[in-house]
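Observations on chain architecture
Listed below, chain by chain, are the residues.
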Amino acid sequence: MAVVVILVLLAVGSVLFHLLSPWWWTPIASNWNYIDNTITITFWITGIAFTAVVLFMAYCVLRFRHRPGNTAAYEPENRRLEGWLATGTTFGVAAMLAPGLFVWNQFVTVPQDASEVEVIGQQWLWSFRLPGADGKLGTTETRDIAPENSLGVNRDDAAGQDDIIIEGGELHLPVGKPVKMLLRSVDVLHDFYVPEFRAKMDMVPGMITYFWLTPTRTGTFEILCAELCGVGHPQMRGTVVVDTEEDYQAWLAEQQTFSQLSASSETRAIPGRVCSGSPSGIATEQGTGAFALFEEERKCFGPAATTVAASAAQ
Amino acid sequence: MVDVRSGIGEALPPPEVEDVELYHPHSWWTRYVFSQDAKIIAIQYGTTAIAIGMVALVLSWLIRLQLGFPGTFELIDAERYYQFITMHGMIMVIYLLTALFLGGFGNYLIPLMVGARDMVFPYANMLSYWIYLLAVIVLAASFFTPGGPTGAGWTLYPPQAVLSGTPGGRDWGIIMMLSSLIIFVIGFTMGGLNYVVTVLQGRARGMTLMRLPLTVWGIFTATVMALLAFPALFVACVMMLFDRLLGTSFFMPAIVEMGEQLQYGGGSPILFQHLFWFFGHPEVYIVALPAFGIVSDLISTHARKNIFGYRMMVWAIVIIGGLSFIVWAHHMYVSGMNPYFGFFFATTTLIIAVPTAIKVYNWVLTLWRGNIHLTLPMLFALAFIVTFVNGGLTGLFLGNVVVDVPLSDTMFVVAHFHMVMGVAPIMVIFGAIYHWYPKITGRMLNEAMGQIHFWVTFIGAYAIFFPMHYLGLIGVPRRYHELGEASFVTTSIAELNAFISVMALLVGAAQIVFLFNLAWSLRHGREAGGNPWRATTLEWQTPETPPPHGNWGNELPVVYRWAYDYSVPGAPEDFIPQNQPTPGRLSHETVS
């Protein structure tokens, strides 16, 4: 009997937990409320299936548990029942798959008028690049990455000269405008993930991945890395600010282009990757592993990275 | 309509081959250590798997201590945390679950259930175990190498797995891990060929394929899959080892690591993911199908009722096995592969839900109008259905490509796969051990300790992993040593995390009761007799318990019926063993 009670409690308790617990998704800030809707449909269908199966089991245990004189029925097969159950399940599955594929089609179809923004991931920092006045991003090459060109922008590509470079800072996006996020990594896998946007995508060295979204409300949101990228993975945070068009233009005007940065690179220290010598070389020789590297990183980067590293060291 | 047990009274085929003479051991060493007896090999596999599994259990405690009480334990720094999760995952999936189901249960049950004297290649079978043991030793040794074990996550994704930002990436860790996996696959192949050939060629007279117990169907199909899937892991490991040691670039594009241009160029990290998941998704079913098979037999035996829809169950196992080879990229929806693949893989993934659901229906319909004995194996079987249904249904979230986008790489995934391929199969393992321990040792496991073990494990495991889904729904990413401050979460998730950790410690402690029970009952358990559960399948009909080398004494069994003649109307007992010719007469072996 304890089994019956526990099974019923478990089914009912799971439903109540779902309905009453304070833990639910964070309010959405993009057009992907279609995704939320599909999740809701899936919760309904799977919730009903789960509750039905567990309660039916509880009933079976209650009704058909062994008592003296009980005998089991002998019924090897029941084609009709099996047929009905298979058909019902197929419909349930189709009811989840159809909206899923419908929304996926939207997800992979980038609107023609989407502007492009490039996100660059590296251990353990986010950088961004916006097309400048020409509206086009210049090409890039990992081999071109150097202290004064930390994103590897192709110097010979005219389209890249006016690109706006944001290293380790905030990304701003205008509200209500579709944007195609082009994702690039220079070292290992990362994943650009903003919980409020719902969308995410891995960043893979050697290729450019993408997804698109339309921010639907202004605000400041946290960027997390969602693909394990080494010991600093949890500290790889960034900020995306969704602005009104006015604020966005004001912010945009303050940013520096690639050619401006290149011109001043002789006179000013670029917050690039390499400080003195080779950090990874030092760390490996000392045999202190990845964390030493991380410490080295902190020395290279100064205050912004120090907070990151400090929280890692706790 | 009822023709699955066809053949009552039909003429038996004549024996095709003579009964084989086995290699008989001459000394204690060849009898108990370098044994060629599949039953001894099974016990060796089982104890080794459980031993390394205990390491994984301790690691899970350490992981949960960090997540539940971040910053409290200085020992668990970020580097160690990633090493712990990596080793925990790899041990559980490969070295515990795969080894225990196939090497352990497969070795013990296949020859007995199909009515063979032993596996068909006993020597290769023995080698299989010793190579597996070597793989376990290499894996465990990586804890003691400079830099410690790899912290790349159990998926070992390059490039980070072989770079210095990851623990063990530039040290020994990743090399030891890849070597151990390569050794494991070699050892497994020797065992796997044995299981397949024994099922196909070693069956007793009258044991047609459609009379095999579902346990054998599950293990057989899983082994065929493993033989096809493990080579993908094997080559992926070899290629990554070359990348790491010889400077090839299979998986390595041009990379700038910490400001330094590396010598790699032109490789594809996603290629590794395709290879890994071409192995990794069938792997899920390599663990699940034996569990499906075993739980079918547990439910049928302890509900005293034939398994509902036997043929449908067999076909569901085979279809799931086949489909599982064309769903692998559902692990890669947000990997950066061509997003149009999503349409195909979401469709195949959701199609696989149909045969899986049919299996669930047939389990509960076996309970329906049964005569349910709430023994420990039955309790664990019920717990399996609950946790498997729960975990299977959350798979419909993650398999449905667009729903996966927000949930991928969050704690929802962790909760899902622990429920469906951690908790559920382990419930079956426990049920199976309580069920077959009497055959293996001749004694029953202690009931009181078993009850404590069951209730704490079942309720505790559910309390760990059910709420964990909601952490993922909020957006908490997986593989975070510490989430720290994050604007999108409420602070109350810290309490939820602490609760989950306390439950994890409790469930872990209950396993100590189980291990103690295994040892204690060896001497003090109640004498079981030959067939304590009054079961129909052949392993319960052996002349001696525990069965000696060769299993069947002088004469091999002959099979007259399917494995599920429980509560046949008109029969004097509520079960008719497979080797009994007519329903009316009980053969002498079955009187316990």
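In case you missed it, the structure is sitting above this.
Quick summary incoming for the structure in this document. Keep in mind that what you see is a predicted model, and the values were worked out from it rather than measured.

Parameters and conventions
- Residues numbered from 1 in each chain as written.
- Chains lettered and ligands numbered in written order.
- Predicted model: local features only at pLDDT ≥ 70, side-chain atom pairs only at ≥ 80, totals over all residues.
- Pairing = 2+ DSSP bridges.
- Helix = DSSP H or I, 4+ residues; strand = E, 2+ residues; numbered from the N terminus.
- Buried ≥ 20, exposed ≤ 12 C-beta atoms within 10 Å, placed from the backbone.
- Core = buried A, V, L, I, M, F, W, Y, C linked by C-beta atoms within 7 Å.
- Axes fitted to C-alpha atoms, helices over the stretch in contact; angles between N-to-C directions.
- Parallel < 35°, antiparallel > 145°, perpendicular 65-115°, else oblique.
- Left-handed = near helix turned anticlockwise from the far one by under 90°.
- Nonpolar A, V, L, I, M, F, W, Y, C, P; charged D, E, K, R; others polar.

Residues and elements named next belong to chain A. Inspection of the sheet shows strand β6 (residues 190-193) paired to strand β7 (residues 200-203) by 4 bridges, in the antiparallel sense. Bridge pairing in β7 places F192 opposite M201. Once β6 ends, the chain turns through 6 residues before running back antiparallel as β7, passing R198 with a positive phi of about 70°.

What follows covers unusual backbone geometry. Cis peptide bonds are those with omega within 30 degrees of zero, and the linkage from A:Q123 to A:W124 qualifies with -10°. In this structure, A:W124 sits in the loop between β1 (115-122) and β2 (125-130). Cis geometry marks the peptide bond from B:T545 to B:P546, where omega comes out at -10°. Along the chain, the position of B:P546 falls in the segment after α15 (493-524). Phi at B:R369 takes a positive value of approximately 60°, unusual for a residue other than glycine. In this fold, B:R369 is placed in the loop between α10 (353-367) and α11 (376-399). Residue B:R369 is classed as partly exposed on the basis of its C-beta count, with 18 C-beta atoms lying within 10 Å. Although it is not a glycine, B:S567 sits at a positive phi angle of roughly 50°. By the element assignment, B:S567 lies in the segment after α15.

In this structure, A:M57, B:M240, B:V295, B:V364, B:F380, B:F384 and B:I385 are the most contacted members of the largest nonpolar core, which totals 286 residues. Top contributing element to this core by residue count: helix α3 (residues 78-114) of chain B, with 25 residues.

All names here are of chain B. For the pair helix α6 (residues 214-245) and helix α7 (residues 269-302), interaxial distance at closest approach is 8 Å and the crossing angle is 160°. With respect to α7, the axis of α6 lies roughly antiparallel. The hand of the α6/α7 crossing is left-handed. Of the residues in the contact of α6 with α7, the class split is 26 nonpolar, 5 polar and 2 charged.

Another aspect to go through is the sheet that holds strand β8 (residues 209-213) of chain A. Residue and element names in this part refer to chain A. Strands sit in the order β3-β2-β1-β5-β8 across an open sheet of 5 strands; the sheet is mixed. Each edge of the open sheet carries a strand with a single partner, namely β3 (164-167) and β8. Taken over all neighbouring pairs, the strand axes of this sheet differ in orientation by 20° on average, direction set aside. Direction of pairing for β2 relative to β3: antiparallel, over a ladder of 4 bridges. Paired with L130 across the two strands is I164, which belongs to β3.

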